[in-house]
Amino acid sequence: MRARVALASAAAVLLLLVLVDGGACAMYKVGDLDAWGVPPPSKPDVYKRWAKSIHLALGDSIWFLYPPSQDSVLQVTPQAFAACDLSSPVLKLADGNSLFNLTTPGRAYFTSGAPGHCLKGQKLWVDVPMANGTYLQPSASDLAALAPTPAAQAPEGSSLQASAPAGAHPSPALRAAAAAALSFALPLLLL
């Protein structure tokens, strides 16, 4: 137990040093809700609005919080996202406190692993810019994934920014170091 506290403290200090230097990666709680879940009827587009409201950078993390006995998070392909196909996820996160580090530029797709939840709007896509702040052009698969369907309206606003605002994000190397420290420290601090 002492070793865990010592490791968590060391990781927290490292994280603070990176934060003070201005090179920290950001961590975003998905949807800013109490938990990852089916959107309430009063806010059916909560995940679409949330994704539009944040400006991610390479090295940032998104955090899914949910009851592990009731849900999970699947990273899926654009085709699986469009069809709400849960059969072959790219990655499954099921611990209830899932942190996904955005280490690859491009579009990332997520959906609930609970049957029927995706069709009820519990799905999210985010655009991750390259290290220089510019965004990749969406592929044909990306555009098809976001086309409206009769079963559920996919997130709109597939227009991409040409570049991030000047000075919006610190250097990619510092952000990556902070993301690594955060990935290591967060589970230890939550014990």
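Residues numbered from 1 in each chain as written. Predicted model: local features only at pLDDT ≥ 70, side-chain atom pairs only at ≥ 80, totals over all residues. Heavy atoms only, no water.

Draft legend 1. Representation of the overall build of the protein within the structure. Across its full length, the protein holds five helices and seven strands. If you list the helices and strands of the protein from N to C, you get α-β-α-β-β-α-β-β-β-β-α-α. Counting only residues that meet the buried cut, the protein has 39% of its 191 residues in that class. Contacts in the protein between residues at least 24 apart in sequence constitute 75% of all its contacts with a sequence separation of at least 6. Of the roughly 10000 Å² that the protein leaves accessible, carbon and sulfur atoms contribute 62%. (Helix = DSSP H or I, 4+ residues; strand = E, 2+ residues; numbered from the N terminus. Buried < 20%, exposed > 50% of the residue type's maximum accessible area, 1.4 Å probe, protein only. Contact = heavy atoms within 4.5 Å. Areas by Shrake-Rupley, 256 points an atom, 1.4 Å probe, with all protein chains shown as cover.)

Draft legend 2. Spatial organisation of the sheet that holds strand β1 (residues 27-29). Ordered in space as β1-β2-β5, the three strands form an open sheet in which the pairing is mixed. Each edge of the open sheet carries a strand with a single partner, namely β1 and β5 (97-101). The average undirected angle you get between the axes of adjacent strands in this sheet is 25°. The pairing of strand β2 (residues 61-65) with β5 spans five bridges and is antiparallel. Paired with leucine 65 across the strands is asparagine 97, a residue of β5. (Pairing = 2+ DSSP bridges. Axes fitted to C-alpha atoms, helices over the stretch in contact; angles between N-to-C directions.)

Draft legend 3. Quick peek at unusual backbone geometry. Unusually for a residue other than glycine, cysteine 84 sits at a positive phi of about 55°. Locating cysteine 84 in the fold gives a position in the loop between α3 (78-83) and β4 (91-93).

Draft legend 4. A look at the nonpolar core. Counting residues in hydrophobic clusters, the biggest one holds 20 residues, and the most contacted among them are Val30, Trp36, Ile62, Phe64, Phe110, Leu124 and Val126. At the level of elements, α2 (46-53), β2, β6 (106-112) and β7 (123-128) are the ones that each hand at least two residues to this core. Ignoring anything within four residues of it in the chain, the contact list for valine 126 reads Trp50, Ala51, Leu56, Gly106, Arg107, Ala108 and Phe110. (Core = buried A, V, L, I, M, F, W, Y, C linked by side-chain atoms within 4.5 Å.)

Draft legend 5. Geometry of the confidence of the model for the protein. For the protein, the mean per-residue pLDDT works out to 76, and 65% of the residues sit at or above 70. Put simply, helix α1 (residues 2-20) is where the protein has its lowest mean pLDDT, 43, and strand β3 (residues 73-76) is where it has its highest, 98. This stretch, residues 150-179, has a pLDDT under 50; its non-local contacts, to residues over four places away or in other chains, come to 61 contacts. Within the model, the stretch residues 185-190 combines pLDDT values under 50 with 10 contacts to residues more than four positions away or in other chains. (pLDDT = per-residue confidence, 0-100.)

Draft legend 6. Representation of the packing of aromatic side chains in the model. Throughout the structure, instances matching the rule amount to five aromatic pairs. Ring geometry for tryptophan 36 against phenylalanine 64: centres 5.0 Å apart, planes inclined by 80°, an arrangement best described as edge-to-face. You can see tryptophan 36 sitting in the loop between β1 and α2 and its partner phenylalanine 64 sitting in strand β2, a full 28 residues away along the chain. Exposure remark for phenylalanine 64: the relative accessible area of 0% places this residue in the buried category. Taking 5.3 Å as the distance between ring centres and 50° as the angle between the ring planes, the aromatic pair formed by phenylalanine 64 and phenylalanine 110 counts as tilted. Taken together, the positions of phenylalanine 64 in strand β2 and phenylalanine 110 in strand β6 put the pair 46 residues apart, joining distant regions of the chain. Sitting above the plane of the tryptophan 63 ring, lysine 29 keeps its charged end 5.8 Å from the centroid. One residue, lysine 123, lies across the ring of phenylalanine 81, its end atom 4.4 Å from the ring centre. (Phe/Tyr/Trp six-rings, centres within 6.5 Å; stacked < 30°, edge-to-face > 60°. Lys NZ or Arg CZ within 6 Å of the ring centre and 35° of its normal.)

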